[in-house]
Every structure is written in structure tokens, then in C-alpha cells.
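Residue strings, one per chain:
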Amino acid sequence: MRFWDLLRMSSSSLWKRKVRTVLTVLGVVIGTASIVVMISLGLGLNRSTMEQMESYGSLTTIEVNEGSGSSMSFAGGGMAIMTTASSGDEDVKRLDDELVEALKQIPHVKMVSPTLRTSVIIKSGVYEGQVSVTGMEPEYMQSLGIEVGQGELPVGKNDLEFFYGNQVLMDFYNSKTQRYPYYETGELPDIDLMNSPLFVIFDTNAYWSSQSSGEEGIDGVTPQPPKKYMIKTSGIAAGGPEEWNQHSYSVYCDIEQLKTTLKRIFKNKAIPGQPTTKVGKPYKEIFYNQILVDVDDIDYVAEVQTQINNMGYQTYSNAEWVESTQQQYSNIQAMLGGIGAVALLVAAIGITNTMMMSIYERTKEIGVMKVLGCDMRNIQSLFLIEAAYIGLIGGLIGIGVSYGISAIINRAVHASGNEMNLSYIPGWLVIAAIIFAILIGMIAGYFPSRRAMKLSPLAAIRNE
Amino acid sequence: MSETGQVVISVKDLYKIYRVGDTKVRALNGVDFSIYKGEFCAIVGTSGSGKSTLLNMLAGLEKPTKGQIVIAGEHMEQKTENQLVKFRREHIGFIFQSFNLMGTMDAVENVALPLTFQGIKKAERMKKASQVLDLVGLKKYKHHRPSQMSGGQQQRVGVARALVVNPEIIFADEPTGNLDSNTSKEVMELMQKIVREQKQTLVMVTHDNHLASFADRIFHIIDGKIVQIEDNRKNREGEEKNKENSEEKKKEEITEINKKEAGE
Ligand SMILES: Nc1ncnc2c1ncn2[C@@H]1O[C@H](COP(=O)(O)OP(=O)(O)O)[C@@H](O)[C@H]1O
Ligand SMILES: [Mg+2]
């Protein structure tokens, strides 16, 4: 028999038993759709978390924070958090230059980048904003892959210069009305960061004290407003106010210049955000807020991290998190896929059952075909193709249904304010699912098809 | 006359023994005969005499317990099931008692079915099937489904289906068993005509002596043994003259058969 004729005969016999075919196909639809949706959830979760992780930074970087005992808080994202370090606990393992040198000695460490953060107030005309300035080494700053919109990174400058993220201006408010123009009108305050003069107040404590006039300062003396410094802008990150990236809210500068500037301004006074001794005196040294250690390969991250931990510091790396989330997601995926597999198994049993019924019904027809000289292998093929058709149709509809369910899930996730696509159906999954459904159909149809092949032609002769 | 023709089927010492529990049923108990090309043979006997068993074995649907069947020079008893299917596809046509047409196919498609199994292209097989349907007088019924045709018409489709592959030999097991006597006669006349015109070889099984009289030779079988081979062609010469007599004779025969069947 010609292949085309086999296909035609199989499909017409399915068509002849429409209701039963539809019901059997339905089983495959449910099975395929559940597998595909389950896998798509796993893939979507995995993909969006991987994207998220990448946006959080490198996977080979270890963050080193100071050892336990202290709760040093930083002013982050422009919020005024002024909790200074707990009364100088001498045991606290602080992040200093000595540690930087020590870390550099650890094998597989590629780069050690200390960062120093301080919260400052920037004034321009009527607007002011409190931002966190992060000092880092030029080499490290360049490795961050910041897209520069205007100007350049503050590298190789003679004086302290700031580099602004593209969304920093969002947190500027009108100092007279106390209103945030961005959050009220959707437009950034019209400050030309590159060209207009920006005045920076480092001693924010003194500034806040002087603002609340009439009250007494810490020392019982009426506080004087602190000195303002004009800091040049070296550049601005690329992107509009809506385009967030991990540098959007940051202000970067050279760490050494920040250190010298802070020392010069504060002399022996306590710098906001820096720890003090038990009696409340500042240390001579300026301690770093964080040290980032870059490892040459993701495989050594855990090893280096343990070593630093053993030195008494707190560490954190994405590698840990990536590993555990990936593990978690592959577990979820395996479980969800398993549910789908069970559904398909049930569908397969359905196919076998339908085919067996069909063969019992068609015993005579099959016998006639054998008497008329239809090849045994052709008879088997007819039934295998029928089963494969059920798989194919079920698979195709199942894919359609999966896309529908996937769209609904994603819409629900988006509606709840999350941008990520929880369900993701890539092309390979579509193809794999259809092939799998066909295969399931054929496996389910194999036993019945052999049975049909072996039926006796005498069944056709007998008169019932 | 027939002895000078070419042998198409030769059966030697054929036995078929069924075991039912402890007892043995000798359905065929030593059968020998030959059938020649272009002959119309009838195998006649009472119910249970072994006619169908014989025909099934000739068509390769069952294996003999013992003996030889040579058809078109090939030993049927030595073939595997696959080879038998292939042999039937190429050399044998089959007409069933209950027609056994495919309900979802129309007349042409049914007739073309054996050609489909041979792997012949659609256009070609439809053309051929259509020609054969013309031959059996179903020009107007080509696109009727079995359910839209009378029994006689359905069996004509059955005859056409057997003819379409241009087989060496056609087997028919009680081809008119499901038809009334008038329609039976029409179908028998059709088969007779075609065998003559197409020079086909036809082996037919029947329990009806009158229907058997359409054949060239009649094999009488009783309890699995061929007891008499009657050459009908000699009888037929006087047939025209004795037409009235034969009509009476037929009636007698029918009543006789009815008695027999009632007796069983
Ligand atoms: N499959 C079988 N098993 C046992 N006995 C059978 C079988 N087929 C036929 N027979 C017996 O063989 C004998 C001949 O049967 P059959 O050829 O069908 O007779 P008929 O001449 O009516 O066609 C009968 O006695 C029947 O009971
Ligand atoms: Mg019989």
C-alpha cells in the first residue's frame, strides 16, 4: 500500500468514529497541555530568575561585609538612615586596607574592590535630594559595564567628581514646598546635572540639626549650617527616567578621592555611617562598607567564600543563591512534569483502550482486508498511524490549550504587578511535545496494532 | 475438453482434522482433484460436509493437516502467513456470502480496495474499478454506498471486487446465500457470463444443487470426501429443449432441499 493511502484510510476510520476519537484525543490534550504548562512554568521561573540574578550582578562576585556584632547601616537609595554603628565593639572585624591586601592573596581571587558609601545632600537651585554616594576603585567601576549617556566615568580626575545614575533626579524635591516633582507630575526636576552648579553637603547630621532651628544641637550649642562643597559632574548614565538598571539610582566616585575628601572635611569628627569607639570617638581610619571579591571561575566561588568566612567576615555571593534556586526550580519542574507524565500515561491507556475496542469492532473488516490481500505490515501500520494521529491531534490541540493557559497565567501575574513571564513556552518545547504525543500514541497503539495484524482472516468468512 | 486445458489448482491427498476436546472432526478426509483454467466449478454438499473448509484451504486462509495444494504452480501448504497474503493479493479473488463491503466506501472505492493493497495509484485504480463495475451492470451505482444498494447489487460489487485484480482464480463461498432465489439466479448468470467472457476460473461453494447446475463441473462432497465429479457441460446441450422440464425439476429440487434443511 502507498503511504498516502495508509494515511487516508487511517484518518477516515478515525473520522468514522468521531465521538470516540474526540474523547480519546481529549485525554491526550489534557496530558500534553499539563506537561507543557508545567514545564513552561519551570522554564519561565528559571528564566526570569536568571534574568533577575544577572541584573543583580555578576555570579562570580563575593560580597564581604564586616564580621558579626555590628549593625552598620548605610543610607541607601536616598533614604535618610542615620543609625551609626553600635558602640564600638572592638571585636568587630572591620573592612580595612589590611583586609584588602589579605584578600588579594587568596588563590583564584581576580580582583578585590572595596566600596565606601556615604550619604550626602545635593542642592541645586530650589531642589535638593539626599543620595548615597559610592566610592569604588576606577578599575572596578569600569568593569561594571555602565552605559555612559553624557560625559564619562570619574576615572583619572584630579579632584572628586560624581557620576550620576539616570534616575537619581527622581528623588529630588523642592526644598520650599517639600514636594517631589517626579512623583507628582511625572517629570524630573529641570536640573542640568552636567552644567549647573551642584552643592554637596557631606555633614548631613549638622545639616538636619541646623534645619530644625530653635532646637539645641548635640553639644548644646546652636548648630551652624555645614559647609557646602561644589562637586563637578563627570558624567551621567545612559537612559531615560523610565529605564531602570542597577546603576540608575546610584552616584559613583573614586574611592581614594572620597576618602581624602571625607578626611579633610570631617578632620577628627565622626563621619556619618562610620563606626565609633566605645566612648564615641571616631577611628583614625575610614572603614569600607563592603568589599567585593571577584573570583576567576564560578566553580571556586564557594571555596573562596568559605575561606573568607573563616577569617571572621560575613560573605554573600549569588552563586549560592543561584545554585539553590536552580536546584529548587528543577525540583519543582520535575514534580510538575511528573504530574503531566501521569496525565499522559492515563491518556496512553485511553488510546490503547480505544484501539482495542476499535479492533474488536472491526474484526470482520480486518479479516476481509486480509482475505483481499492486504499486507500484514500494512494492517499494523494502519492501526499505528491511527494511534499516532490521535497523539498528533491531541498534541496540537494540547499545545494550543497550553498557549492559552500560559497567556492566562502570565496575564494574572502581570495583573498582580509583576513584570515577569511566569510561563514560557519556547519553540523546542512545542516540537518536543508534539513528537512526544505522537510517540505516546504509537507506543499505546503498538500492542493493539500487533493484535490486529495477527487476527485470523477466517473471521471474515464466518457468518454471524 | 477440460482435460486438455492447463491445470490451475491441483489438490492431492488433502486432510483437515479439527480437534474438539478429545474428539477428532475429519472435516476433509482425503481429497484429490484438479481444476483447469477457465472452468467454473461448483462444490456441492450438505451443511457440515466440509465445503468451506476445502475452499478456505484453497484460498490459503487455513493450513491443511496433511496433503498438497498447488495453485498456479505454487505450493500453498508451504507458505507462511505473509506469503499467503501476498499470494492472495496477486492471484486470488474472493466473493463472500455476506458481501463484506466497507460501509464507509462507495461502490468504486470498494472495488478498488484490492488495487489499493497492491499499491496502485488512485487515478488508475479508480479507472479500472469503474470499468469492472460497468461490466457487472452497475454503471449507475458507482457512487452508492453499500447501505444504499440492494443485496443483489451489493453482491455484484463483490463480484467486481474479485474481478478487478484480474486474478488467476476466484473463490466464492455461498455467494448467493444471503440473496432471494430470483436475485440468486441473476447473480449466478452474471458470474457464469463473466467466467465465459473473461476466461476466469471460478470455484464456488454451495449447498444448492440447482445453483450448482450453473457450473461447468460439479464436485459432490459428503463428510469430507469428494464422492462424484459431474461434468455439467454435456447435460447442458439438451438444456434448451428441455427448458420446461428443467423448470419443473428446479422446483422439485428446491422442495427437496427445503426438506433436507428442515430435517437438520
Ligand atoms: N474451526 C473448527 N473447529 C472445529 N471444527 C470445525 C471447524 N471448522 C469446521 N469444523 C467442522 O468441520 C466440518 C466441516 O465444516 P465446514 O467446512 O464449515 O462445512 P460446510 O460444508 O457447511 O461449509 C463440520 O463438521 C464443522 O463442524
Ligand atoms: Mg460453509
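Residues numbered from 1 in each chain as written. Chains lettered and ligands numbered in written order. Predicted model: local features only at pLDDT ≥ 70, side-chain atom pairs only at ≥ 80, totals over all residues. Heavy atoms only, no water.

Throughout the structure, instances matching the rule amount to 27 salt bridges over all chains. The partner of Lys142 of chain B in a salt bridge is Asp134 of chain B, and the shortest N-O contact between them spans 2.8 Å. Through salt bridges with shared partners, a single ionic network connects Lys16, Arg362, Glu365 and Glu386 of chain A. (Salt bridge = Lys/Arg side-chain N within 4 Å of Asp/Glu carboxyl O.)

Close inspection of predicted coordinates is inappropriate for parts of the model with low pLDDT. Confidence along chain A averages 84 in pLDDT terms, with 90% of residues attaining 70 or more. Here helix H13 (residues 458-461) of chain A is the element of chain A with the lowest mean pLDDT, 76, and helix H12 (residues 427-454) of chain A is the one with the highest, 94. (pLDDT = per-residue confidence, 0-100. Helix = DSSP H or I, 4+ residues; strand = E, 2+ residues; numbered from the N terminus.)

Turning our attention to the sheet that holds strand S9 (residues 217-222) of chain B. What links the strands of a sheet is backbone hydrogen bonding, and the strands pair in either a parallel or an antiparallel sense. Residue and element names in this part refer to chain B. Pairing is mixed in the open sheet, where six strands are placed in the order S6-S7-S8-S3-S9-S10. With partners counted over all chains shown, the strands left at the sheet margins are strand S6 (92-95) and strand S10 (225-231), one partner each. Shown here is a sheet whose adjacent strand axes are inclined to one another by a mean of 20 degrees, direction ignored. (Pairing = 2+ DSSP bridges. Axes fitted to C-alpha atoms, helices over the stretch in contact; angles between N-to-C directions.)

This next bit is on the environment of Glu109 of chain B. Residue and element names in this part refer to chain B. With respect to the element layout, Glu109 can be found in helix H3 (residues 107-117). The spatial distance from the C-alpha of Glu109 to the C-alpha of Ala129 is 7.7 Å, given a sequence separation of 20 residues. Contacts of Glu109, omitting those with residues within four sequence positions, involve Thr104 and Met126. (Contact = heavy atoms within 4.5 Å.)

All names here are of chain B. Extensive coverage of strand S7 (residues 169-173) is indicated by the burial of five of its five residues. Burial along S7 is two-sided: Ile169, Phe171 and Asp173 facing one way and Ile170 and Ala172 facing the other are all buried. Here four bridges tie S6 to S7, and the two strands are oriented parallel to one another. Bridge assignment links Ile95 to a residue of S7, and that residue is Ala172. Here four bridges tie S7 to strand S8 (residues 202-206), and the two strands are oriented parallel to one another. Counterpart to Ala172 in the pairing with S8 is Met204. Read from S7 through helix H6 (residues 181-198) to S8, the crossover connection turns out right-handed. (Buried < 20%, exposed > 50% of the residue type's maximum accessible area, 1.4 Å probe, protein only. Right-handed = clockwise from strand over helix to strand, strands pointing away.)

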